[in-house]
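Chain by chain, the residues:
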Amino acid sequence: MTAETATPSQVPGPAQPPSPALCPGLAGFAADRREGDLTPTRTDLAPGIFLNADPALQMAGRYSSAAGAFLDLHTAPAGQGSWFGLHLALELPPLQDLAYLGFACRTAAPEPQILRACLRSGLEDGGFSDCFFDRHILASERAHSHLDALYLDSQPELPLSAPWRELVLFLPSQGFDLSLMHLHLFAV
C-alpha cells in the first residue's frame, strides 16, 4: 500500500505529534518584514522577543528583519557597558519531561563576532539564574550554522521549576554588524 492508494485512515501519521512552539512569537517575527531604531535600553521586536542593553552602553543603531530571514543588527553604542542580549521568552514543558533543550542558528558578520547563549530561569524571589550552553557562537564573514544543546540531567544549577524562562543570546557590547539569518529552538 502506498500513500497514493491508501485511504486517509490508513495513511501512517507522524511518529510523534509535532512539538508546540517553544517561543510562540518566533515564527511570526521571522515571517514578517520589520525594521526600526534601537533604543538605549530595551527594544521590543515582537511579543516575547526583545533586545536588552546595559543602560551604560547608551545603545543606538538599527535592526531589520526581511521576510524569511530572522534579524540584521547594526549597533553603534555611545557609551561603555557590560551586556547586550537578544531575549526570547520560552514556553517550555516541565523540564523533568525533557532530556535536551537546544537551538540552531545561522550567522554572518563582516568582522568576527563571538556570541554566547544561555537558558535564563526566573526565580521565585524575583532574580534569575543563567545556565550557559557549552559552545560559543562565532559569526564571521562566511555564513555558517551553529547547533548546541543543553543535556538537562547534567545541569544541577538549572532550577526544575521557574515562573518564566528565556533563551538569551549575549551579543557584543561594542559596535558591530551581524546577520542572524535563522534561529530555531528544539526540546526533546
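The coordinates are above.
Procedures and definitions
- Residues numbered from 1 in each chain as written.
- Predicted model: local features only at pLDDT ≥ 70, side-chain atom pairs only at ≥ 80, totals over all residues.
- Heavy atoms only, no water.
- Pairing = 2+ DSSP bridges.
- Helix = DSSP H or I, 4+ residues; strand = E, 2+ residues; numbered from the N terminus.
- Axes fitted to C-alpha atoms, helices over the stretch in contact; angles between N-to-C directions.
- Buried < 20%, exposed > 50% of the residue type's maximum accessible area, 1.4 Å probe, protein only.
- Arc of directions from axis to C-beta.
- Patch = residues over 30% accessible without salt bridge, like charges linked within 9 Å, V, L, I, M, F, W, Y side chains within 5 Å.
- Areas by Shrake-Rupley, 256 points an atom, 1.4 Å probe, with all protein chains shown as cover.
- Salt bridge = Lys/Arg side-chain N within 4 Å of Asp/Glu carboxyl O.

A. The sheet that holds strand β7 (residues 100-108), seen in detail. Here six strands make up an open sheet; going across it, the order is β1-β4-β5-β13-β7-β11 and the pairing antiparallel. Only two strands of the sheet have a single partner each, and these edge strands are β1 (34-37) and β11 (144-151). Averaged over all adjacent pairs, the angle separating strand axes in this sheet is 20°, with direction ignored. Sheet analysis places β7 next to β11, joined by eight bridges and oriented antiparallel. Bridge pairing links Leu101 to Leu150 in β11.

B. Quick peek at helix α1 (residues 24-31). Of the positions making up α1, those classed as buried are Gly25, Leu26 and Phe29. One side of α1 holds all its buried residues, which, seen down the axis, span an arc of 110°. For α1, the exposed residues set more than 90 degrees away from the buried face come down to Ala27 and Ala31.

C. Quick look at the pairing of β7. Pairing geometry for β7 and strand β13 (residues 176-187), over eight bridges, is antiparallel. Within β13, the position partnered with Leu101 by the bridge is Ala187.

D. Spotlight on a nonpolar patch on the surface. On the surface, Tyr100, Tyr151 and Val188 cluster together to form a nonpolar patch covering roughly 290 Å² of accessible area. Locating Tyr100 in the fold gives a position in strand β7. A relative accessible area of 36% places Tyr100 in the partly exposed class.

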